[in-house]
Amino acid sequence: MIMWMDVLQRKKENVVKRLCNGGNMKLKIIELKKEKYRYLAIVEYLDENMKFYPDGKGGQLGDRGSVGQAQILEVDREGNLFLDIELGLGEHSYVIDMDRRCEIGKNHTTQHLISAYLKKKYDYDTVGFRMGEEYSTVDFPSLALIDAKKIKDLEKGINKIIREDMNIEILELSREEAGQIESLRKSISEKIVGKIKVVKVEDFDMNACGGFHAQSTKEIGLFKVINYEKVKKTITRVYYKAGELAYEDYYEKHNIIKKATTQVSSTVEEINGKIDCLLEENKSKTKELSGLYNKYSELLCEKLKENSRIQGKNKIIIYKKNDEITKFFPKYIENEKYSVIYGEEGNFTVMSKAINCNEIKNSLEKIGYIVKGGGNSTRINLRIDANIEIIVDIFVKLL
Ligand SMILES: [Zn+2]
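Report on the accompanying structure. (Residues numbered from 1 in each chain as written. Predicted model: local features only at pLDDT ≥ 70, side-chain atom pairs only at ≥ 80, totals over all residues.)

1. Let's talk about helix α6 (residues 271-306)
- The end-to-end C-alpha separation of α6 is 52 Å, in line with the 52 Å expected for 36 residues at 1.5 Å each.
- Little of α6 sits inside the fold, with 3 of its 36 residues counted as buried.
- Listing the buried residues of α6 in full gives Ser 297, Cys 301 and Leu 304.
- In this structure, the buried residues of α6 make contact with β15 (314-319) and α7 (329-332). (Helix = DSSP H or I, 4+ residues; strand = E, 2+ residues; numbered from the N terminus. Expected span 1.5 Å × (residues − 1). Buried ≥ 20, exposed ≤ 12 C-beta atoms within 10 Å, placed from the backbone. Contact = placed C-beta atoms within 7 Å.)

And the structure:
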């Protein structure tokens with residue numbers, strides 16, 4: 001009997017779904033305001049039972065869809081619509097994206113399951129829930145509640161409930177009736193007026209909620225925790241995906257791992273070990289290279305000193321590059337004896353005790369250059385649209 005009722009209910013839902021996607025629901029735009037890149041349409045629904053669900057209500061995502069040729073970008077708390085293009089006032093047909101609403105329902109129902117599972121098993125209370133386009137989060141109030149072992153247990157537990165195909169009913173009750181249910185996971189907020197919707201997942205969970213839900217746990221299909229962390233010092237936040245989002249996540253990550261195995265010539269099982277090896281190898285190569293740079297710089301600096309430009313009592317080294325060698329200039333070039341000007345492509349450095357280096361920037365600005373960068377009296381970095389010869393000329397004039 002229950003099974004037949006279930007089938008009938010689903011048939012009814014499918015009709016509703018078809019209606020929403022292809023039906024002729026109408027609303028009236030009574031006012032349209034331009035807001036930066038979008039338009040806010042103040043609307044009156046002619047079918048009161050089929051409104052766009054507002055963004056953020058109950059921590060959920062809002063509906064999307066279209067009104068005439070316009071796409072819905074956001075839905076405000078009153079059900080008014082942010083549109084991508086301008087529409088005229090008056091009556092328009094609209095379509096709600098029911099596939100999206102369905103996925104929202106799956107991800108939201110999963111939150112009920114997570115909260116109920118952790119409450120039953122460890123007596124953890126849920127203190128927050130947020131749904132995003134890419135993932136959802138549930139918050140628990142403790143610093144050290146969740147660890148890798150509990151996350152694995154949660155994943156296995158929820159996926160088992162999904163496979164068990166538990167029926168999900170929405171009961172519409174008066175506050176008095178709802179108040180008599182002892183097994184409600186959370187007490188009912190005083191803010192709720194009128195009929196109270198209670199979501200019942202067989203004998204597993206009962207909780208008051210006005211959002212979208214799946215009709216059975218099997219519809220959810222797949223559940224995966226993608227991360228967990230401590231936030232604001234007192235909360236443990238669990239990040240998860242369910243339904244299509246969870247499948248897409250698995251698909252994407254599988255491809256990423258597959259590509260990585262090809263990139264580092266490894267099997268999936270060996271990939272972490274292989275990456276550790278490569279990182280270690282890279283570390284020792286970097287160290288080796290740094291030693292070679294050091295030795296090469298010493299030799300090159302000797303050459304640069306031999307070929308330095310003599311300007312009165314001053315010796316100037318000009319090096320037209322910004323490479324690794326320049327890091328060793330302070331080590332191998334005595335700043336008492338030499339001034340150094342180096343750089344390329346608009347990025348230059350001057351190191352000198354012969355002049356106040358800040359004066360170079362001032363002089364360049366005086367003749368009309370726009371100069372960025374800065375430094376002190378003995379070293380300055382200049383970012384300027386000019387070539388190195390200009391810097392050298394100014395430097396020589398300042399001697
Ligand atoms: Zn709910």
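Structure's up, so let's keep going.
2. Focus: the nonpolar core
- Grouped together as the largest cluster of nonpolar side chains are 24 residues, with contacts concentrated most on Ile 114, Ile 158, Phe 223, Val 238, Tyr 240 and Ala 242.
- Broken down by secondary-structure element, the contributors of at least two residues to this core are α2 (98-122), β8 (136-140), α3 (148-163), β10 (196-201), β12 (223-231), β13 (235-242) and α5 (243-263).
- Looking at this core element by element, the count peaks at 4 residues for α3.
- Those residues in contact with Tyr 240 that sit more than four places away from it in its chain are Thr 110, Ile 114, Tyr 135, Ser 136, Phe 223, Lys 224, Val 225 and Ile 226.
- In this structure, Leu 304, Cys 357, Leu 382 and Ile 394 belong to the second largest nonpolar core, which totals 20 residues. (Core = buried A, V, L, I, M, F, W, Y, C linked by C-beta atoms within 7 Å.)

3. Description of the packing of α2 against α5
- The contact between α2 and α5 brings their axes to 7 Å, and the two run at 85°. Comparing the axis directions of α2 and α5 gives the class roughly perpendicular. Touching Glu 103, Lys 106 and Asn 107 of α2 are Gly 243, Glu 244 and Leu 245, all from α5.
- Considered class by class, the residues forming the contact of α2 with α5 number 1 nonpolar, 2 polar and 3 charged. (Axes fitted to C-alpha atoms, helices over the stretch in contact; angles between N-to-C directions. Parallel < 35°, antiparallel > 145°, perpendicular 65-115°, else oblique. Nonpolar A, V, L, I, M, F, W, Y, C, P; charged D, E, K, R; others polar.)

4. A short note on the sheet that holds β12
- With antiparallel pairing, the 4 strands of this open sheet are ordered in space as β7-β8-β13-β12. Single-partner strands in this sheet number two, and they are β7 (128-131) and β12. Strand-to-strand, the axes of this sheet are offset by a mean angle of 20°, without reference to chain direction.
- Pairing geometry for β7 and β8, over 4 bridges, is antiparallel. (Pairing = 2+ DSSP bridges.)

5. Some remarks on unusual backbone geometry
- In this structure, Lys 36 is a non-glycine residue whose phi angle is positive, near 50°.
- For Lys 36, the position within the fold is in the loop between β1 (25-35) and β2 (38-45).
- Of note in this structure, Ser 265 is not a glycine but carries a positive phi near 50°.
- Here Ser 265 is to be found in the loop between α5 and α6.

6. Considerations on α5
- Taking 1.5 Å of rise per residue, the 21 residues of α5 would be expected to cover 30 Å, and the 30 Å separating its terminal C-alpha atoms lies within 8% of that figure.
- For α5, the complete set of buried residues consists of Gly 243, Leu 245 and Ala 246. Across the axial projection of α5, the buried residues extend over an arc of 145°, all falling on one side. α5 presents Glu 248, Tyr 251, Glu 252, Asn 255, Lys 258, Lys 259, Thr 262 and Gln 263 as exposed residues on the side facing more than 90 degrees away from its buried surface.
- Along its buried surface, α5 packs onto α2, β12 and β13.
- Phi turns positive one or two residues past the end of α5, at Ser 265, with a value near 50°. (Arc of directions from axis to C-beta.)

7. Describing the environment of Leu 184
- Looking at the secondary structure, you find Leu 184 in the loop between α4 (175-179) and β10.
- In sequence terms Leu 184 and Val 198 are 14 residues apart; their C-alpha atoms lie 8.7 Å from each other.
- When near neighbours in sequence (up to four residues on either side) are disregarded, Leu 184 contacts Met 206, Asn 207 and Ala 208.

8. Description of the sheet that holds strand β9 (residues 168-173)
- In space, the 3 strands of this open sheet follow the order β9-β10-β11, with antiparallel pairing throughout. The sheet terminates laterally at β9 and β11 (205-208), the two strands that pair on one side only. Averaged over all neighbouring strand pairs, the angle between strand axes comes to 20°, with direction disregarded.
- The pairing of β10 with β11 spans 4 bridges and is classified as antiparallel.

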